[in-house]
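Coordinates in review
Chain by chain, the residues run as shown.
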Amino acid sequence: MKKLITTCLIFSVILFGSLRVMAQSSEATSYYNQGIDFYNLNKIEDSIASFKKAIELDPKFYQAYYNLAKIQESYKYYNDAMVTYEKLIEITPEDYESMFNFGNLLYKRGYLKKSLTYLDRIPNYSDYYEQAEKLIATVEKRQVEVAQELKLKEDMLKKSSLLEKTIQAPTGVATDKLGNVYIASFSQNAVYKITPQNIKTTFVGPNNLSGPVGIAVDDSNNVYVANYTKGNIIKAEPDGKTTVLLLVKKPYCLNVDNQNKKLLITEQEKNTVIKFDLSN
């Protein structure tokens, strides 16, 4: 019988051991030896096929499963390796080396709960017990991190749903340097301010707005609103104080050129772009 295969830290595969283990089928043994020969010739796919054929002929051929799992994992056939490891451990439930390797592979592939079910089966008298205990701690830590990540995603989805439900006909949107989000509602005649903590307030209301669309924010956190229906541009200071900046027929999009202190305004009725000086 040819030798067993194990993996190195550099993910190459080497041969070791000298004991001969007889399979129930001599034909299975022949395919097993062929798998070793193909591996030594770097014919990895042929080697895998030979080990699979040996297993087909002898479904309890432990060494064939062992070598097949090692090769599959080393050459990144991870899903196949997991199937092989599972069958290997079913055949030899006291192979704690393979049990540890399988638990480690499951952890790396993100199957955290399943990883623990195998690592927890390694007894304290096994040579792999200490490694398993360290890996269990790592897996459990990752479980906590994943739970926190899921909670954060759920919170973000809830916030997103809240905004969708409470702002009707949203048009313009902009952010200031503090992380606040400003959203114009055309039908509600309002600009809403959403803080980084997801606190929503009416920043500019219907007394000043009628059909707001475009929004822009300058470096001083002043908010400019294209008041489409009223035909003007509103400037709202950070404290909410508003002034009419200029009259524009059907203003639509806004953009602040902070470097040159200019406010750019598209005027739909005249098909023009207005450049307004903000330095005064």
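This structure is a prediction, so every number in the text was calculated from the model and none was measured.

Bringing the nonpolar core into the picture now. Core analysis: the largest hydrophobic core is formed by 37 residues, its most contacted members being Tyr32, Phe51, Ala64, Phe102, Leu119 and Ile122. Contributing elements (two or more residues each) for this core: helix 1 (26–40), helix 2 (44–57), helix 3 (62–74), helix 4 (78–91), helix 5 (96–108), helix 6 (112–119) and helix 7 (129–166). Per-element accounting of this core gives the leading share, seven residues, to helix 3. Not counting residues within four places of it along the chain, the set of residues in contact with Ile122 comprises Tyr96, Met99, Phe100, Tyr128, Tyr129 and Ala132. Ranked by size, the runner-up nonpolar core spans 13 residues in total, among them Val191, Phe203, Ile215 and Ala236.

Next up on the list: the pairing of strand 8 (residues 223–227). For strand 8, a buried count of five out of five residues is recorded, marking the element as mostly surrounded by other parts of the structure. Neither face of strand 8 is exposed, since Val223, Val225 and Asn227 on one face and Tyr224 and Ala226 on the opposite face are all buried. Note: strand 7 (residues 212–217) against strand 8, four bridges, orientation antiparallel. Each bridged residue has a counterpart across the sheet, and for Ala216 the counterpart in strand 8 is Tyr224.

This part is about the pairing of strand 13 (residues 272–277). As defined by bridge partners, strand 12 (residues 262–267) adjoins strand 13 across six bridges and the pair is classed as antiparallel. What sits directly across from Leu263, in strand 13, is Phe276. What sits between strand 12 and strand 13 in their antiparallel hairpin is a turn of four residues, with Asn271 showing a positive phi close to 55 degrees.

Running from N to C, helix 1 and helix 2 cross one another at 165 degrees; their axes reach a closest spacing of 8 Å. One way to sum up the angle between helix 1 and helix 2 is to call them roughly antiparallel. For the pair helix 1 and helix 2, the crossing hand works out as left-handed. In contact with Glu27, Ala28, Tyr31, Tyr32, Gln34, Gly35, Ile36, Phe38 and Tyr39 of helix 1, helix 2 contributes Ile44, Asp46, Ser47, Ser50, Phe51, Lys53, Ala54 and Leu57. Tallied by class, the residues present in the contact of helix 1 with helix 2 amount to ten nonpolar, four polar and three charged.

The rules we used
- For every chain, the first residue of its written sequence is number 1, and the numbers climb from 1 along that sequence.
- Given that this is a predicted model, residues contribute local features only at a pLDDT of at least 70 and side-chain atom pairs are listed and counted only at 80 or more, while totals for whole chains, interfaces and linings are drawn from all residues.
- Side-chain metrics in this entry use all non-hydrogen atoms of the structure; hydrogen atoms and water are not considered.
- In this description, a nonpolar core means a group of buried Ala, Val, Leu, Ile, Met, Phe, Trp, Tyr and Cys residues linked to one another through side-chain atoms lying within 4.5 Å.
- Each residue is placed in one exposure class: buried if its accessible area under a 1.4 Å probe, protein chains only, is under 20% of its type's maximum, exposed if it is over 50%, and partly exposed if it falls in between.
- Helix numbering and strand numbering both begin at the N terminus, where a helix is a DSSP run of H or I of at least 4 residues and a strand a DSSP run of E of at least 2.
- Contacts are assigned to residue pairs with any non-hydrogen atoms lying within 4.5 Å of each other.
- DSSP bridges decide pairing: two strands pair if at least two such bridges lie between them.
- A fitted line through C-alpha atoms serves as each axis, taken over the contacting stretch for helices, and the angle formed by two N-to-C directions is quoted from 0 to 180°.
- Throughout this description, any angle smaller than 35 degrees is read as roughly parallel, any larger than 145 degrees as roughly antiparallel, any in the 65 to 115 degree range as roughly perpendicular, and the remainder as oblique.
- What makes a crossing left-handed is the near helix being turned counterclockwise from the far one by less than a right angle; a clockwise turn instead makes it right-handed.
- Under the convention adopted here, Pro, Cys and the residues Ala, Val, Leu, Ile, Met, Phe, Trp and Tyr are nonpolar, Asp, Glu, Lys and Arg are charged, and Gly plus all remaining residues are polar.

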